[in-house]
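# An overview of the molecular structure
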Amino acid sequence: MRKRIIIMGAGGRDFHTFNMLFRDNDEYEVIAFTASQIPGIAGKKYPASLAGKLYPDGIPIYEEKNIAELIKKYNVKEVILAYSDLLYEDVMGKASIVLSSGASFKLISPFETMLKSTKPVIAVTASRTGAGKSTISRKISEYLLNKKINFAVVRHPMAYGDLEKLKVVKLKNLKDLDELGLSIEEKEEFENYLRKNIVCFEGVDYKEVLNEVEKEFDLILWDGGNNDTPFIKPDLMITAVDPMRAGHEKSYPGEINVRLADVIVITKVNTIEYEKVIQTKNMVRKLNSRAEIIESEFIIEVEDPSLIKNKKVLVIEDGPTVTHGHLPYGAGFVAAKLYGAREIVDPKNYAIGIYKEIYQEYPHIDKVLPTIGYTKEQLKTMEEIINKIECDTVVLGTQSDLTRYLKITKNVTRVYYNYREKDGRNRLEEILENNLRKFKIL
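For every chain, the first residue of the written sequence is number 1, and numbering continues from 1 along that sequence. The model is predicted, so local features are restricted to residues of pLDDT at least 70 and side-chain atom pairs to those at 80 or more, both for listing and for counting; the totals for chains, interfaces and linings are taken over all residues. Each side-chain value is worked out from all heavy atoms of the structure, with water and hydrogens disregarded.

### Details of the environment of Glu383
- Tracing the chain through its elements places Glu383 in helix α14 (residues 376-388).
- Whether a residue is buried, partly exposed or exposed follows from its accessible area with a 1.4 Å probe, protein chains only, as a fraction of its type maximum: under 20%, in between, or over 50%, in that order. Taking the relative accessible area as the measure of exposure, Glu383 reaches 23% and is therefore partly exposed.
- Separated by 19 residues in sequence, Glu383 and Leu402 have C-alpha atoms that sit 9.7 Å apart.
- Any two residues whose heavy atoms approach within 4.5 Å are treated as being in contact. Sequence-distant contacts of Glu383, that is, excluding residues within four places in its chain, are made with Leu406 and Lys407. Runs of E in the DSSP output that reach at least two residues are strands. Runs of H or I that reach at least four are helices, and both are numbered from the N terminus.

Below you can see the structure in the form of structure tokens.
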């Protein structure tokens, strides 16, 4: 008799785990996926065309809050945790619900689901969401461009839309983003790359994604999502650690990334007391005695500082960073303070719809508006909130240029973090060069 299981997920890691271990595996019956963190996924199905021969009707996706009921209703024997960015107390809270409902609770080694590539792989991961992966990945991609390396970026999935259509996604320009109907959270991860003509891939079936990448490119830059472990086995693994959340290196699966890292980049060291940097450095050294540790400054760059100085501003930040990433604010808030905003408006006072729920669920969020742009309705809500707030300027701390998608009736200026090593060296570039020579592609 097939063992009945449920995969707890968030629209990404869960599907990859299924594809690698359970699709066409007649020892198991996957009763359902459950969804958390990402609005709007529950109620859909993992389609039959992706689920394999054992699931002609596909696999339903339910809200995670219903898991105890599902375990009892379907006599489920095992529940597998397959998503990222959880504090340890959250992991054990979920385990307790599952165990008390009569099922076993399981974590799967990342090595069981890692694909092996025929091409060298550089992976950028993190201890927590918002630790600075994107800034580091951008630095690496610029280095590879300068060295004229034939590489592609493979991005962690954000499977929010039509899963069949998103089985393998290849992006060559900004037009491709719009034609696929991707959410803002998906688009913003690619925009910086595509503006530099860097080809990017994502998808639902990463075995097929990898096959396509290997046909054309000599090197893969894995750009991780949240603090998830890589889907493709890395030859060089770089983990970002954020001293603003000292102690959060011990999160799931962030600690795994710290332990596996060849290089640990402690980020944002110029934005926090150095005591916390030392505390973070000591913590990661206890977890990983072999990795090289680099201290990096994240330098704020603002498109038009005059739109901040002495102005009343609304700050918009990357959603996952300040929601389940547990940061109270991001680059936009730092820039507003640094460049002398007269007042930072608290958008909680204007919250409607999904935003009321977000602020209730994540009370740690400071005076910032997180991007929650997974559906047209949510985009409309965000646009309505922005335009009814009385302010002089909207400060975008997001990777995405929201003016491409929203009609904002205020002045807008964008904020970026740029990578710079604290001691003035270029140790990351030296490590990259040594590894490219080892890979025999330099």
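### Focus: the nonpolar core
- Counting residues in each nonpolar core, the largest one holds 97 residues, and the members touching the most others are Phe18, Tyr46 and Ile136.
- Apart from the residues lying within four places of it in its own chain, the contact partners of Tyr46 are Phe15, Phe18, Asn19, Phe33, Ala51, Gly58, Ile59, Ile61, Leu163 and Val204.
- Buried residues of nine kinds, namely Ala, Val, Leu, Ile, Met, Phe, Trp, Tyr and Cys, make up a nonpolar core once their side-chain atoms join them within 4.5 Å. Of all hydrophobic cores here, the second largest spans 19 residues; its members include Ala32, Leu70, Leu81 and Val98.

### Topic: the environment of Asn227
- By the secondary structure assignment, Asn227 is in the loop between β12 (219-223) and β13 (236-241).
- Take Asn227: its relative accessible area is 0%, and that puts it in the buried class.
- With 122 residues separating them along the chain, Asn227 and Asn349 place their C-alpha atoms 31 Å apart.
- Discounting chain neighbours no more than four positions away, the residues touching Asn227 are Ser84, Asp85, Ala126, Ser127, Arg128, Thr129, Ser251, Tyr252, Pro253, Gly254 and Asn257.
- Among the polar contacts made by the side chain of Asn227, one reaches the main-chain amide nitrogen of Asp85 at a distance of 2.6 Å. For this analysis, a polar contact is any N or O atom pair within 3.5 Å, provided that within protein one partner can donate a hydrogen and the other can accept it, and provided that sequence-adjacent residues contribute only side-chain to side-chain pairs.

### Digging into unusual backbone geometry
- The residue after Tyr252, namely Pro253, is reached through a cis peptide bond having omega -5°.
- With respect to the helices and strands, Pro253 occurs in the loop between β14 (251-252) and α9 (254-260).
- Not every positive phi belongs to a glycine, and Asn226 is a case in point at roughly 50°.
- Structurally, Asn226 is set in the loop between β12 and β13.
- One non-glycine residue with positive phi stands out, namely Lys440, at about 65°.

### Here's the deal with the side chain of Thr393
- With respect to the element layout, Thr393 can be found in strand β20 (residues 393-397).
- Those residues in contact with Thr393, other than ones at most four positions away along the chain, are Leu307, Lys311, Lys312, Val313, Leu314, Asn411 and Thr413.

### Let's talk about the sheet that holds strand β5 (residues 78-81)
- The pairing criterion for strands is at least two bridges between them, as found by DSSP. Spatial strand order, β3-β4-β2-β1-β5-β7: six strands in an open sheet with mixed pairing. For this open sheet the edge positions go to β3 (45-46) and β7 (104-106), each flanked by a neighbour on one side alone.
- As paired elements, strand β1 (residues 3-9) and strand β2 (residues 28-35) share seven bridges and run parallel to each other. Across the sheet, Met8 pairs through a bridge with Thr34, a residue of β2.
- Interaxial angle, 0 to 180 degrees, is taken between N-to-C directions of lines fitted to C-alpha atoms, where a helix line uses only the stretch in contact. Seen against the sheet, helix α1 (residues 13-21) touches β1, β2, β3 and β4 (59-63) and runs at an angle of roughly 170° to β2.
- Contacts from helix α4 (residues 88-100) reach β1, β5 and β7, with the element oriented near 150° to β7.

### Concerning the environment of Ile256
- Considering the arrangement of structural elements, one finds Ile256 in helix α9.
- Ignoring any residue separated from it by four or fewer positions in sequence, one finds Ile256 in contact with Pro110 and Thr229.

### Digging into the packing of helix α5 (residues 133-146) against helix α15 (residues 427-439)
- At their nearest, the axes of α5 and α15 sit 11 Å apart, and the two run at 55° to each other. Here α15 runs oblique to α5, going by the angle between their axes. Both α5 and α15 take part in a crossing whose hand is right-handed. For the pair α5 and α15, the contacting residues are Ile136, Lys139, Ile140, Tyr143 and Leu144 in the first and Leu428, Glu429, Leu432, Glu433 and Leu436 in the second.
- Here the contact of α5 with α15 is built from residues that sort into seven nonpolar, no polar and three charged. Roughly parallel refers to an angle under 35 degrees, roughly antiparallel to one over 145, roughly perpendicular to one between 65 and 115, and oblique to any angle outside these ranges. By definition, turning the near helix anticlockwise from the far helix through less than a right angle yields a left-handed crossing, and turning it clockwise yields a right-handed one. Put simply, Ala, Val, Leu, Ile, Met, Phe, Trp, Tyr, Cys and Pro go in the nonpolar bin, Asp, Glu, Lys and Arg in the charged bin, and everything else, Gly too, in the polar bin.

### Re the packing of α5 against helix α7 (residues 184-195)
- Orientation of α5 relative to α7, taken along the N-to-C sense of each, is 20°, at an axis distance of 11 Å. Taken together, the axes of α5 and α7 lie roughly parallel to each other. Considering only the axes of α5 and α7, their crossing is right-handed. Counting all contacts with α5, which are made through Ser134, Ser137, Arg138 and Ser141, the residues of α7 involved are Glu189, Asn192 and Tyr193.
- Looking at the contact of α5 with α7, its residues break down into one nonpolar, four polar and two charged.

### Some points on the side chain of Glu255
- With respect to the helices and strands, Glu255 occurs in helix α9.
- At 2.5 Å, the side chain of Glu255 and the side chain of Tyr88 are in polar contact.
- With near-sequence residues (within four places) excluded, Glu255 lies in contact with Tyr88, Glu249, Lys250 and Leu287.

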